[in-house]
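Below, each chain spelled out in residue letters.
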Number of protein chains: 2
Amino acid sequence: MSSTIISDFNSATTVRLLFAPKLRCHIICSLRLPSLRSISPNRSLQSDRKNFLAFAPAPLRSLSNFITPVALSMGDSVATVIDGKVVAKQIREEISVEISRMKEQIGTAPGLAVILVGARKDSQTYVRNKKKACEAVGITSFEINLPEDCTEEQVIKHIDTFNSDPSVHGILIQLPLPRHLNEEKILNAVTIEKDVDGFHPLNIGRLMMQGRKPLFVPCTPKGCMELLHRHKVQIKGKRAVVIGRSNIVGMPVALLLQEENATVSIVHSHTKNPEEITRQADIVISAAGVANLVRGNWIKSGAVVIDVGINPVDDSENARGYKLVGDVCYEEVCKKASAITPVPGGVGPMTIAMLLSNTLLSAKRFHKLSN
Amino acid sequence: MSSTIISDFNSATTVRLLFAPKLRCHIICSLRLPSLRSISPNRSLQSDRKNFLAFAPAPLRSLSNFITPVALSMGDSVATVIDGKVVAKQIREEISVEISRMKEQIGTAPGLAVILVGARKDSQTYVRNKKKACEAVGITSFEINLPEDCTEEQVIKHIDTFNSDPSVHGILIQLPLPRHLNEEKILNAVTIEKDVDGFHPLNIGRLMMQGRKPLFVPCTPKGCMELLHRHKVQIKGKRAVVIGRSNIVGMPVALLLQEENATVSIVHSHTKNPEEITRQADIVISAAGVANLVRGNWIKSGAVVIDVGINPVDDSENARGYKLVGDVCYEEVCKKASAITPVPGGVGPMTIAMLLSNTLLSAKRFHKLSN
C-alpha cells in the first residue's frame, strides 16, 4: 500500500501514534498526552482511538471518522520521540532554581557576555535568543556589538575586559566572524575559565585524555548526552556510530560516548558503505549536515537515533521558502528506531540549555560553590 | 595435517618464507635477503630453496635435506614483515644527515634533556638507551638524576631551567614518577614548545581538531603511521580498528588514522565481540597490552596489522625467565594478514626514532630552519 504522510510536527508533542486509516494513508500525529511514555503494541486500540479524539489538534480531529486504529505492531512500530523541547525546558527550570538559590546565598547571579561583530541577520537572531534564554533563568547578559570593519585588536581588547570582569563567567564570540579577523587567535584570547563553549584546544585535549577533565563540555555534544541520559539509554558496552567528525559536534560527542564505554566508530565523507557501519550501531548520532542522509535501511531495528543536523531545504509551502530538516529521514527511520529526536525540537533546544548550564557551572566554580 | 612451528625470529629478518617440509611440519624461517620485498606465490620454488640454503641461519640450514619447498599459495600465505628495525635505522640515518647539515649551517646541534627521578632499573635502561640513540645521530643529551625522595618543587625547578635553556629543544620526564609526585602537574610544567613526547593536553587537543596542528605528534603513534607510510599502505577510505584507548597510543593513533581519512573504530575492554569489529578492518593497530589477544580469526584476509603491545610472558628457556610478546598471536595472524609488525623489532624501535625526529623538528623550529 502506498502511503501519504500527514504530519503536524510543529505543535508541542509528547508522543506520536501511527494509525492506518480507511483513507489508505498513514497519519503520524502529535498528541499532547499528560505524561511522556512510549506506546507499546499491546495497548488497547480503542484507548489509542480515544486518546486521538481527545488530544489531537482540531484539524486532525475532523478526520477521525475516517480513521481506524490498527495494531501498532502490524508491520511498523513507531519510535519514542525524544523531545528536546521538553527536556530543555526541564533543564532550564532546574537552572533557574539553582540561580535563585545562588542569589540568596551570595547575592550575585552568573553572567554571560556575547561579542557580535558585524550585522548578519542570523547572528543577530542567535544573540537575541541567547540573551532571552539568559534572562529567563536569571543569568545576567552582557553584549558588545562591534562594526563589521573593526580590528582584531579591538575584539581582543573587549575579550580581555570580560576576561578580568568578575561578574562575567562565560564569554561567547558569535561565529562566523568577518573574514579579515583571525578566528583561531580571537577564540584563543578567551580565558579557558570562561570558555563556556568548550572549544579551546586545551579543553578538547582534556576531553580526550583519560584521567583528565575538561573545564567545559561543548554545548551540543553535552546536549546529545543529556538526551540519552534523561531517556535512560544504556551506553556502556553498546556500539555507537557518529556520522560527521566536526570539531564542535562529531569529535567531542564521539569522545563523550567512549568515555561512557560505548564502542565508537566515526563515519565521514570518505567512508565507504557508511550504511553498513551505521547499521551495526545501537546508538546513532548524526552531525553530518546533509539533509535526509540517514535512511531507514541505515538503521538497526531498535537503535536510538539522535539527529544533530539542521538543514534548510526548499519548501514552497513555507512562507520563508524553505523548511529545516535533519540529517535523518524521519519518516523512514522512526519505523526502525526505538527512539529518535525530531528536527526541529530535538537537539536544537538542548544546545542553548547546555550553554546556560555551562555558564552556571562556571559561576559556581568561580564562587567556589559545590556542584 | 597438524603442524609444528619452528621459528627463529630473533635474527635480523627481512622476509619470512613458509615451507611445508617432509617432516610434516611448517617452518617459518628468517632470511637475510639483499633487499626488502615480499615473496609472491609465483616465484620459482627452486629459487626459494636456493635462498633458504644460502641465507638461512646455520641451525636451520642443517634441516635442508628434509625440506621441500611448496607453493606459498597452497593453503597459507605469509604476511610481509614490516621490519621496524630496518625502517628506524633508515630514519636515524636521515636524521643524522640533517643534523650534520644543521651543524654546518648554524654551528649548533639539537639538544634533548631527560629528567630521571629515583633508581628504577628499567627506567635507567630506557634513559641510557635514549642517550645512546641521541649520541649516535648527533643530538646533545642532557641528563638530571634526582633522588627518589626529591620534592615536586625540585623537579619543576629543573624543568624550568631546561625550559629557558636555548640549547635544549626537547624535555623528557622519565615515567613512572615516584608516587608522592603529581605527574600531571610535573608534565604540564614542560613548555609546550619542548614537549617532544607530545603528551601536553594542548597538543592532544590540537591533534584532535580539524584545521589545527599539534606542535609534536606523540612518538609511538607517529612511529605506527611512519611504518604504514613507508610500506605504502593505503589509509584513505580504509576501515581501521584501534584496539586500546590509552592517552599515549590508542587515542592519538586513532586520530592520526582519521586525519588521513580512514574510518576508525576504537575497541576496548568494554567492547562486546571485539573480534567481529576487528574482522572488518583493513588496518588493525593493537595497543591493548594483552599478550596474544588478537587471534587469527580476528583478522580479515589481507589486512595490515601493527602490533604495539610489548608484554612479558613466562619463558623458562629464556635466561631472564620471560620473553616479550605482542598483543597479536603472530603465528596465527601472519597467515591471514598481508603485512605485520613483529614483536620485538616492530613498533618498538620506531618510538625512539620518532623521539629523535621530534627533537630535530623542535630545534629546526627554534632556529627557524625550513622543514
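Heads up: the structure comes first, above all this text.
Note that the structure is a prediction, hence the values are computed from the model and not measured.

What counts and how
- Residues numbered from 1 in each chain as written.
- Chains lettered and ligands numbered in written order.
- Predicted model: local features only at pLDDT ≥ 70, side-chain atom pairs only at ≥ 80, totals over all residues.
- Heavy atoms only, no water.
- Helix = DSSP H or I, 4+ residues; strand = E, 2+ residues; numbered from the N terminus.
- Buried < 20%, exposed > 50% of the residue type's maximum accessible area, 1.4 Å probe, protein only.
- 1 Å grid on protein atoms, 1.4 Å probe; cavity = no way out; pocket = protein on both sides within 12 Å on 5 of 7 lines; lining within 4 Å.
- Points joined across faces, edges and corners; volume = space filled by probe spheres on them.
- Nonpolar A, V, L, I, M, F, W, Y, C, P; charged D, E, K, R; others polar.
- Contact = heavy atoms within 4.5 Å.
- Buried area = accessible area lost by both parts, 1.4 Å probe.
- Salt bridge = Lys/Arg side-chain N within 4 Å of Asp/Glu carboxyl O.
- Least-squares fit on C-alpha atoms with pLDDT ≥ 70 in both.
- Phe/Tyr/Trp six-rings, centres within 6.5 Å; stacked < 30°, edge-to-face > 60°.
- Lys NZ or Arg CZ within 6 Å of the ring centre and 35° of its normal.
- Pairing = 2+ DSSP bridges.
- Axes fitted to C-alpha atoms, helices over the stretch in contact; angles between N-to-C directions.

Q: So what's going on with unusual backbone geometry? Which residues, and what values?
A: Residues and elements named next belong to chain A. Residues Val343 and Pro344 are joined by a peptide bond in cis, for which omega reads -5°. As for its position among the elements, Pro344 is in the loop between strand S14 (339-340) and helix H12 (348-366). Despite not being glycine, Asn261 has its phi angle at roughly 70°, a positive value. For Asn261, the location among the structural elements is in the loop between helix H9 (250-259) and strand S9 (263-267). What makes Asn261 buried here is its relative accessible area of 16%.

Q: Report on empty space enclosed by the protein, specifying residues and quantitative values.
A: Scanning the entire structure with this criterion turns up four cavities of 30 Å³ or more. By volume, the largest cavity amounts to about 140 Å³. Lining the largest cavity are Met251(A), Ala254(A), Leu255(A), Gln258(A), Val264(A), Ile266(A), Met251(B), Ala254(B), Leu255(B), Gln258(B), Val264(B) and Ile266(B). If you list the elements that add at least two residues to the lining of the largest cavity, you get H9 and S9 of chain A together with helix H9 (250-259) and strand S9 (263-267) of chain B. In terms of residue class, the lining of the largest cavity is made up of ten nonpolar, two polar and no charged.

Q: Give me the lowdown on the interface of chain B and chain A, citing residues and values where you can.
A: In this complex, chain B contributes 36 residues to the contact, which on the side of chain A involves 37 residues. The contact between chain B and chain A buries some 3500 Å² in all, and 53% of this surface belongs to carbon and sulfur atoms. Our count for the chain B to chain A interface comes out at two salt bridges. Residue Glu184(A) is joined to Arg212(B) by a salt bridge in which the shortest nitrogen-to-oxygen separation is 3.7 Å. Secondary-structure elements contributing two or more residues to the side of chain B that touches chain A are helix H6 (183-189), helix H7 (201-208), H9 and S9 of chain B. Per-element accounting of the side of chain B that touches chain A gives the leading share, six residues, to H7(B). Split by residue class, the side of chain B that touches chain A holds 13 nonpolar, 16 polar and seven charged.

Q: Explain the relation of the copies chain B and chain A to me, and be specific about the residues and the numbers.
A: When chain B is brought onto chain A, the operation consists of a screw motion whose angular component is 180° and whose axial shift is 0.0 Å, with 0.0 Å RMSD remaining. Taken together, the turn and the small shift mark the pair as related by a two-fold rotation axis. Residues of chain B ranked by C-alpha distance from the rotation axis are headed by Gly205(B), positioned 1.7 Å from it. In this assembly, 100% of the residues forming the interface of chain B have copies in chain A that are likewise at the interface, indicating an isologous arrangement.

Q: Give a description of the packing of aromatic side chains that names residues and reports values.
A: Residues and elements named next belong to chain A. Inspection of every chain in the model, using the stated rule, returns two aromatic pairs over all chains. Summarising the aromatic geometry, the rings of Phe142 and Phe162 are spaced 6.3 Å apart at their centres and angled 65° between planes, so their arrangement reads as edge-to-face. You can see Phe142 sitting in strand S6 (residues 140-146) and its partner Phe162 sitting in helix H5 (residues 152-163), a full 20 residues away along the chain. If you follow Arg365 out to its NZ or CZ, it ends over the ring of Phe216, 5.0 Å from the centre.

Q: Break down the side chain of Ser123(B) for me, citing the residues and quoting the values.
A: Mapped onto the secondary structure, Ser123(B) falls in helix H4 (residues 121-137). According to the relative accessible area criterion, Ser123(B) is buried, its value standing at 2%.

Q: For the sheet that holds strand S7 (residues 170-173) of chain B, give the residues involved together with the corresponding values.
A: Residue and element names in this part refer to chain B. Sheet architecture is open: three strands sit in the order S6-S5-S7, paired in parallel fashion. Edge positions in the open sheet fall to strand S6 (140-146) and S7, since each of these has one partner strand only. Averaged over all pairs of adjacent strands, the angle between strand axes in this sheet comes to 15°, irrespective of strand direction. Of the strands in this sheet, strand S5 (111-117), S6 and S7 are in contact with helix H5 (residues 152-163), which crosses S5 at around 180°.

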